[in-house]
Structures are given as structure tokens and as C-alpha cells.
Amino acid sequence: PTDTSTAAQDSSAPTPASALQQHVRAGLSRPFKALSSMYFYDDEGSRLFQQIMALPEYYPTRTEFTLLTQHQAAIGAALRPQEPTEPFFLLELGAGDGLKTKILLRHLLETGAQFTYVPVDISEAALAGLAASLRAELPTLHVEPVVADYADALRLMASRPGRKAVLFLGSNIGNFLPEDRHRFLQNLALPLTPDDRLLVGFDLQKNPRLIRAAYDDSQGVTARFNLNLLRRLNRELGADFDLAQWQHYTDYDPLSGAVRSFLVSSRAQTVQFATLNWAVDFAAWEMIHTENSYKFTRSGIAATAEAAGFTVQEFFTDAQDYFADVILQP
Ligand code: AVI
């Protein structure tokens with residue numbers, strides 16, 4: 001079955017190549033094959049990521065949850081305007097299920113903050129689910145979901161008067177390559193003013209074995225998450241990846257702070273892409289690089305923020321220094 005968005009279009013018109021088609025052609029034509037982790041998140045991928053977040057080895061989600069719980073008052077104070085009755089917008093980029101954000105939302109409501117919560121996501125379904133759960137759990141909260149990519153959402157919000165506090169939680173920043181991270185933060189800074197605030201979650205460098213285990217769990221959920229990308233290509237691009245011939249492999253490089261994940265071809269093989277009328281050869285043990293998850297140092301975070309035009313206003317971490325939620329000022 002195909003569930004691509006182009007499937008329902010007029011069949012007499014030539015179907016424009018989807019972003020996924022173009023990405024896969026380019027990524028698998030490179031000398032070192034690579035695909036973007038952005039494509040992990042189809043329905044099954046999103047479900048598997050929910051499972052990852054509950055794994056004993058995957059410490060980031062749990063740690064940030066504890067950190068936000070412990071520091072909710074200070075973080076709330078850093079995000080909201082100093083004048084207690086001044087209204088503001090609390091934007092969240094990539095809101096997901098909102099589990100962590102609800103800690104802050106509840107705290108802000110309880111302390112009388114006058115704000116509108118603006119969860120931003122490209123998935124309409126994800127936002128509808130979040131809005132429904134917020135209506136049930138926090139009925140007095142003002143919610144204005146925005147279905148858009150991050151840059152569009154920020155531009156849209158810049159035209160609305162009022163202070164903004166922007167949340168980018170969960171170490172999503174770690175999935176960018178350094179140059180993309182820089183551009184992303186620069187673009188975030190553009191529509192913001194010095195009165196606005198940005199809260200970014202960064203996973204910190206720590207015992208390298210702990211980091212590696214978080215991306216190679218004993219139950220194999222992360223492996224299924226990575227391999228699901230091939231399932232997606234089979235379904236959406238008519239590819240014939242035989243998943244039994246592919247392995248999940250991951251490595252942590254303490255020098256760059258990058259966890260890199262790969263899909264490894266365990267034998268020489270050719271994969272057909274029926275939709276693209278195209279085939280790709282893989283040598284035995286050739287890899288497709290599928291994800292970067294960068295881990296940061298305190299000084300690296302400050303340098304990254306400053307290079308993009310922000311200053312570090314406050315740095316919150318958990319008792320073990322595993323994770324940091326950092327308040328940045330444009
Ligand atoms: C979404 N992102 C922050 C996760 C991470 O840790 O890089 C995705 C993930 N990949 C494997 N496990 C979790």
C-alpha cells in the first residue's frame with residue numbers, strides 16, 4: 001500500500017518528484033551514502049521514538065523531565081516578562097506529546113502568567129492530539145497551534161505584537177550538523193528582539209559508554225527505529241530493501257561529540273526503487289549514514305549561541321550534569 005501524499009493527485013499530470021524522492025536519489029548517489037534522520041518520523045517511526053524515550057538506556061528524556069520539574073520556578077521566571085501581568089506568547093518548536101512542556105505550562109498557569117501557548121509542528125495530527133490533551137488537562141490554557149515549519153512559524157509570530165519565549169527542548173538541536181545548527185540558530189534570532197527568550201535543550205558530554213548505550217539499547221528498539229527508514233522507502237518509493245540484510249550500527253566520537261548512526265549492508269546487494277525507476281548497488285559492509293546526535297560541553301554551547309547572536313542568560317542542569325536547558329537572549 002502506498003500512503004504518499006502524491007498518490008491522490010491527478011494521474012494525467014506528471015507527478016512532481018517528492019522531497020523524499022529527491023533526497024533519496026541524492027543521498028544514495030554520494031560516495032558515502034547518507035539519508036536524513038528527518039525521514040525517521042513516519043507514523044511507525046514516531047511510535048518507535050515514543051518507545052525509545054521510555055527505554056532504560058535512553059537517559060535524555062527522563063533527565064530533562066526531572067530537570068524541568070526541579071527548576072520549573074526559575075525557568076518560568078527566566079522565560080516570562082518581569083512585569084507579572086504582561087501577556088506573552090510561549091512558542092514551542094516540535095511540540096510532540098508535550099509531556100515535558102506541561103510541567104512549565106502548569107507552573108506558569110498556577111503563578112498567574114498571562115500567556116498563549118503556540119505549539120508549532122509540521123504534523124497537523126500531532127498538534128490536534130496535543131491540543132485535545134491540553135483541553136482535558138489544562139482547560140484554562142489559551143492554545144493556538146500553528147501547522148508550519150519552524151522558520152515560517154517564527155516569521156508569522158514576529159508580526160504579532162508581544163514578547164515571545166521560544167522552547168526547543170529534547171536535544172533536537174543535536175540532530176543538526178554544526179553548520180546547519182549555526183544557520184538554524186541564526187534564523188531563530190532574526191525575528192526575535194532582546195526582550196524575547198529562547199530555551200534550548202542540549203544533551204551534555206558524559207561517560208561515552210552511557211552515551212553509546214542510549215543509541216544501541218539492549219531491546220533493539222533503536223535498531224528497529226533506524227531500520228524503519230528502509231521500510232518507509234520500501235512502502236513510499238517501491239524499494240525492495242530486504243531488512244534481514246541490514247544492521248543498525250552506532251558509534252560515539254568523543255572528539256566531535258557526535259553519535260553517528262548507520263544502516264550497514266551485511267552483503268553485496270542491489271536495491272531497486274520501482275517508483276524512481278532506479279537501482280542502487282551496495283558493497284558488503286557499505287553503510288548509509290542516517291543520523292547525527294551531537295553531545296555538547298558548556299563552553300561549546302556558549303560558543304554556539306554567541307556565534308549565532310545569542311548570549312547565555314542561564315544554564316540549568318540536572319544533579320548528574322547529563323543534560324542542560326539553556327536560556328538564551330537574542
Ligand atoms: C529526536 N532526537 C533528539 C533523538 C536523539 O537522541 O538524537 C532521536 C533518536 N535517535 C535515536 N534515538 C533517539
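The notes below deal with the structure included here. From a predicted model like this one, the values you see are computed outputs, not experimental measurements. (Residues numbered from 1 in each chain as written. Predicted model: local features only at pLDDT ≥ 70, side-chain atom pairs only at ≥ 80, totals over all residues. Heavy atoms only, no water.)

It is worth spelling out the site of the ligand at this point. By nearness alone, 13 residues border the ligand, and Tyr 58, Asn 175, Tyr 215, Glu 291 and Ser 293 come closest of all. The contact in question runs from an oxygen atom of the ligand to an N or O atom on the side chain of Asn 175, over 2.9 Å. Ser 293 places a polar side-chain atom, nitrogen or oxygen, 2.7 Å from an oxygen atom of the ligand. Taking 350 Å² as the accessible area of the ligand by itself, protein coverage stands at 98%. In a pocket analysis with a 2 Å cut-off to the grid points, the ligand is assigned to the largest cavity. Among the elements of the structure, α2 (43-53), α10 (221-237) and β11 (287-294) are those that each provide at least two residues to the shell around the ligand. Looking at the shell around the ligand residue by residue, the class counts come to six nonpolar, six polar and one charged. (Near = heavy atom within 4 Å. Polar contact = N/O pair within 3.5 Å; in protein donor to acceptor, adjacent residues only side chain to side chain. Areas by Shrake-Rupley, 256 points an atom, 1.4 Å probe, with all protein chains shown as cover. 1 Å grid on protein atoms, 1.4 Å probe; cavity = no way out; pocket = protein on both sides within 12 Å on 5 of 7 lines; lining within 4 Å. Sits in = over half its atoms within 2 Å of the grid points. Helix = DSSP H or I, 4+ residues; strand = E, 2+ residues; numbered from the N terminus. Nonpolar A, V, L, I, M, F, W, Y, C, P; charged D, E, K, R; others polar.)

Moving on to the environment of Leu 104. Here Leu 104 is to be found in helix α5 (residues 101-110). Sequence separation between Leu 104 and Thr 69 is 35 residues; the distance between their C-alpha atoms is 8.1 Å. Excluding anything up to four places from it in sequence, Leu 104 contacts Leu 68, Gln 72, Ile 75, Gly 76, Leu 79, Leu 167 and Leu 199. (Contact = heavy atoms within 4.5 Å.)

Attention now moves to the environment of Leu 108. Residue placement: Leu 108 occurs in helix α5. Under the relative-accessibility criterion, Leu 108 is labelled buried at 1%. Taking the C-alpha atoms as reference, Leu 108 lies 28 Å from Gln 186; in sequence the two are 78 residues apart. Beyond its immediate stretch of four places on either side in the chain, Leu 108 contacts Gly 76, Arg 80, Phe 88, Leu 90, Ala 113 and Phe 115. (Buried < 20%, exposed > 50% of the residue type's maximum accessible area, 1.4 Å probe, protein only.)

This next bit is on empty space enclosed by the protein. Going through the model one piece at a time under the given rule, you end up with one cavity of 30 Å³ or more. Its volume calculated, the largest cavity comes out at about 160 Å³. In terms of lining, the largest cavity is formed by 17 residues, of which the most central are Phe 49, Tyr 58, Tyr 215, Glu 291 and Ser 293. Broken down by secondary-structure element, the contributors of at least two residues to the lining of the largest cavity are α2, α10 and β11. Among the elements that make up the lining of the largest cavity, the one with the highest residue count is β11 (three residues). (Points joined across faces, edges and corners; volume = space filled by probe spheres on them.)

Moving on to the pattern of salt bridges. Applying the stated criterion across every chain yields a total of 14 salt bridges. One salt bridge in this structure joins Glu 137 and Lys 102, with 3.2 Å as the shortest N-O distance. Taken together, the positions of Glu 137 in helix α6 (residues 124-137) and Lys 102 in helix α5 put the pair 35 residues apart, joining distant regions of the chain. A salt bridge links Arg 160 to Glu 144, with the shortest nitrogen-to-oxygen separation between them at 3.0 Å. (Salt bridge = Lys/Arg side-chain N within 4 Å of Asp/Glu carboxyl O.)

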